[in-house]
Amino acid sequence: MNEEERIVALEEENRKLKADNDKLVEIMAQLHVTLNRLIFRYVSEERESKA
């Protein structure tokens, strides 16, 4: 593999890694929203049961 082919391969790998990273960031954002909803529901139910 010459240097130009190696650079092309590395650039492609870099694009794939960036796409994976973007997807993981989206997943983490969704998990954050879900966790906040679960915490809110738990706290709300806790308050209702004490009232």
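Report follows, based on the coordinates. Counting starts from 1 at the beginning of each chain's written sequence and moves along it residue by residue. Per-residue local features are limited, in this predicted model, to residues with pLDDT of at least 70; the limit for side-chain atom pairs, both in listing and counting, is 80 or more; totals at the level of whole chains, interfaces and linings are taken over all residues. The side-chain numbers reported here are obtained from all heavy atoms of the structure, hydrogens and water having been left aside.

Further remarks concern the overall build of the protein. Check the secondary structure of the protein and you find 1 helix and 0 strands. Taken over C-alpha atoms, the radius of gyration comes to 22 Å for the protein, far larger than the 10 Å a tight globule of 51 residues would show. In terms of principal-axis extent, the alpha carbons of the protein reach across some 75 × 10 × 5 Å. Residue burial is assigned from relative accessible area. The probe radius is 1.4 Å, only protein chains are included, and a residue is buried under 20% of its type maximum, exposed over 50%, and partly exposed in between. Split into buried and exposed, the 51 residues of the protein put 0% on the buried side. The method behind every accessible area is Shrake-Rupley, applied with a 1.4 Å probe, and residues are considered shielded solely by the protein chains displayed. Total accessible area computed for the protein in this model is approximately 5300 Å², and 57% of it derives from carbon and sulfur atoms. Between the averaged position of the 9 positive side-chain charges in the protein and that of its 12 negative side-chain charges there is a distance of 10 Å. The helix count covers DSSP runs of H or I at least four residues long, the strand count covers runs of E at least two residues long, and both are numbered beginning at the N terminus. In this description the radius of gyration comes from C-alpha coordinates, and the expected globular size is given by 2.2 Å times residues to the power 0.38. By the counting rule applied here, Lys and Arg register as positive and Asp and Glu as negative, while His and the ends of each chain are not counted. Each charge is placed at NZ for Lys, CZ for Arg, CG for Asp and CD for Glu.

With that settled, the discussion passes to the environment of Arg37. Along the chain, the position of Arg37 falls in helix α1 (residues 3-50). Measuring from C-alpha to C-alpha, the distance between Arg37 and Asn2 comes to 53 Å, with 35 residues separating the pair along the chain.

When a carboxyl oxygen of Asp or Glu is within 4 Å of a side-chain nitrogen of Lys or Arg, the pair counts as a salt bridge. All chains considered together, the criterion is met by 2 salt bridges. One salt bridge in this structure joins Arg15 and Glu12, with 3.0 Å as the shortest N-O distance. Of this pair, Arg15 and Glu12 both sit in helix α1, separated by 3 residues, roughly a single helical turn. With relative accessibility at 49%, the residue Arg15 sits in the partly exposed group.

Turning next to a nonpolar patch on the surface. On the surface, Leu24, Ile27, Met28 and Leu31 cluster together into a nonpolar patch covering about 410 Å² of accessible area. With respect to the helices and strands, the residue Met28 is situated in helix α1. The residues that make up patches have over 30% relative accessible area and no salt bridge, and they are joined within 9 Å when like-charged or within 5 Å when they are Val, Leu, Ile, Met, Phe, Trp or Tyr.

When you line up the elements, Phe40 lands in helix α1. Here Phe40 falls in the exposed class, since its relative accessible area comes to 60%. It is 38 Å that separates the C-alpha atoms of Phe40 and Arg15, two residues lying 25 residues apart in sequence.

The values are spatial; any link to function lies outside them.
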